[in-house]
Amino acid sequence: LEPRFTSPLRVVASAMTSGPLSAEEAEALRQMQEEASSHLPDRRSDGDPEWLANGAQVELHSLQKAQALNGQRGEIVGFDDKQLRYRVKLHSDGTIKVVAKKNMKVLTYQDIFPHAPSPAPSASAGGSGSGDGPVTRAVVLKALERLQRDVLALQQRIAVRKAGAPPEATPDMSDSFLKLTASEEMCKEVMEMYQRSHGRDEELDLQGATTLEACEACVQEYCEVRSWPEYFQDEINVTKYNVQKHGLLGTLKNEVVEVGQDVRDLGHTAKEAIQKGAPQVPGLVRAATDTMGNVVQSGTAAAASTAGGFAARSQEHITNAVHDQVVAPVKRAWHFLVFGFFLCFLVPLFALRSYAPLNTVVSNLGILYLGVCTCCPPSGMRSRAAKAALILLYPLVTVVLPLGLHYWATHPHLADDMGTAIRQLPSTMTRTVQSLTEEVKEVSQVGRGVPKEAPAPAPAPPPPPPPPPAPPAPPAPA
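Computed from a predicted structure; not experimentally measured. (Residues numbered from 1 in each chain as written. Predicted model: local features only at pLDDT ≥ 70, side-chain atom pairs only at ≥ 80, totals over all residues. Heavy atoms only, no water.)

1. Some thoughts on the nonpolar core
The following threshold applies: As used in this record, nonpolar core signifies buried Ala, Val, Leu, Ile, Met, Phe, Trp, Tyr and Cys residues forming a set joined through side-chain atoms within 4.5 Å. Burial status follows relative accessibility: with a 1.4 Å probe on protein chains alone, a residue under 20% of its type maximum counts as buried, one over 50% as exposed, and anything between as partly exposed.
In this structure, Val140, Leu144, Leu147, Leu154, Ile158 and Leu180 are the most contacted members of the largest nonpolar core, which totals 23 residues. If you look at the next biggest cluster of nonpolar residues, it comprises 18 residues, including Leu52, Ala56, Phe79 and Tyr86.

So, in structure tokens, the structure goes:
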């Protein structure tokens, strides 16, 4: 069976899990992925991020209806979309069976070639890294194996995308990239911890460097084929993962460190370019000097007078330009900036302090808003009054309006008062209009000289009732 398994299209899909691939194996794996991509897209990747490509070597097990096939090995040659099962070509008789993924075991390189050398036994035996440390050699190899498996999974999806399949054929590209990113970070951390505990291991360093290099190449290929929605989704997923693992400050620190490393690499590249080009500079300078020598000597006198006047005029122009473009605008706008700093930064910072840390976010956005309104306001809003209105709008929208809505929501009796006021509004307006109308009439009469009518006297009160008659006197006694 050895020639069959070493054929380029029959390299096992998980051969990378046993260590770095040779040049022949890498070429065979590439050809296998190209052949697999020619039969896709199909439904094998629906809901299964670890789908198997055509050419993967498997062993059947746990079959109930066809128990005679248990233990037989075969090769995946396709996928049945109706039954959602893989089509497996058996090595024993060449027949094709439709088998579920749960009844297949993917064969590793050591399963196919049990007598081939592998670094795994040394890891299980302890090797040079065995000990009582927190990170053993076996843990490092397991991390490398996981990274290699994630690299292979993403490479399979990249091969499908390069074959011309639409993005809908590989909807889990972003998930695979996130898994690869997490595996890469974990692998680097584990290797660093192992090196601190046990020292350097040349074999592990070589295997780790090869795996990380393959990971970087895979990520570069993925960046070339991914779509814009996948790009934004990757940025969101990676940022969320970094914040959950390292925290916000840790994520910002790592970003600063990466930027510093990029700057350092750029400096090294520039240094190498300068070092390579330095030997050629003297010859070029001498040639230019010899060529321009006569011209410079013949025109020295005229050039000196012309250059003197040009230098004086240039200095004057530069001074005027700096004053007009920098000094004068700063003098005119310093109080405007102070006004904006107070409204856009200090007001949200202290007015929203009970909602911390939201107040700091709103204040920082206010600084950005102030810069936009000052440096590049919208068209038609370039006057000082328009800029001031834009700046005044920020605290109204971010502070006054939210606080007003919050106060209204937490005081329900205000709704009843407002409803009563709204219901009484027509009658109130009617009385107000009537009173204004009467006042206008009185003013107009006074203006025309018409005497103001005296108010009618109040009616006299009715006379009091007469007192009741006195009772008759009683008769005198005899």
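2. Here's the deal with the layout of surface pockets
Just so we agree on the cut-off: A cavity here means a set of points on a 1 Å grid, drawn over the protein atoms and nothing else, where a 1.4 Å probe fits but cannot get out; a pocket is an open set with protein on both sides within 12 Å along at least five of seven lines, and a residue lines either one if it has an atom within 4 Å of a point. Grid points are joined across faces, edges and corners, and a volume is the space filled by probe spheres set on the points. All amino acids are sorted into three groups, where Ala, Val, Leu, Ile, Met, Phe, Trp, Tyr, Cys and Pro are nonpolar, Asp, Glu, Lys and Arg are charged, and the leftover types, Gly among them, are polar.
Estimates place the volume of the largest pocket at around 1200 Å³. Lining the largest pocket are 35 residues; nearest its centre among them are Thr181, Glu184, Glu185, Lys188 and Glu258. Residues that form the lining of the largest pocket fall into these classes: eleven nonpolar, ten polar and 14 charged.

3. Focus: helix H5 (residues 137–162)
Threshold: Strands are runs of DSSP state E lasting at least two residues, helices are runs of H or I lasting at least four, and both sets are numbered from the N terminus onward. The span you would expect from a helix comes to 1.5 Å times its residue count less one.
Spanning 26 residues, H5 covers 37 Å between terminal C-alpha atoms, matching the ideal 38 Å at 1.5 Å per step. Remark: Gly164 follows H5 within two positions and exhibits a positive phi of approximately 100°.

4. Here's the deal with unusual backbone geometry
We note that Ser62 has phi near 60°; this positive angle belongs to a residue other than glycine. Considering the arrangement of structural elements, one finds Ser62 in the loop between strand E1 (57–60) and strand E2 (73–80).

5. Examining the pattern of salt bridges
We apply this condition: One speaks of a salt bridge when a side-chain nitrogen belonging to Lys or Arg is within 4 Å of a carboxyl oxygen belonging to Asp or Glu.
Counted by the stated rule, this structure contains eleven salt bridges. Asp48 serves as the salt-bridge partner of Lys101, at 2.9 Å between the closest nitrogen and oxygen. Here Lys101, found in the loop between strand E4 (96–99) and strand E5 (104–106), pairs with Asp48, found in the loop between helix H2 (23–38) and E1; they are 53 residues apart in sequence, far enough to count as distant. Since its relative accessible area comes to 29%, Lys101 is described here as partly exposed. Across the salt bridge formed by Arg73 and Glu59, the nearest N and O atoms sit 3.6 Å from each other.

6. Observations concerning the sheet that holds strand E3 (residues 85–90)
Heads up, the rule is: The criterion for strand pairing is that DSSP finds at least two bridges linking the strands in question. To define axes, lines are fitted to C-alpha atoms, for helices over the stretch in contact only, and angles between the resulting N-to-C directions are given on a 0 to 180 degree scale.
Pairing in this open sheet of five strands is antiparallel, and the strands run E4-E3-E2-E1-E5 from one edge to the other. Of all strands in the sheet, those bounded by a partner on one side alone are E4 and E5. Each strand axis lies, on average, 45° off the axis of its neighbour in the sheet, ignoring direction. Sheet analysis places E1 next to E5, joined by three bridges and oriented antiparallel. Among the inter-strand pairings, Leu60 is bridged to a residue of E5, identified as Met104.

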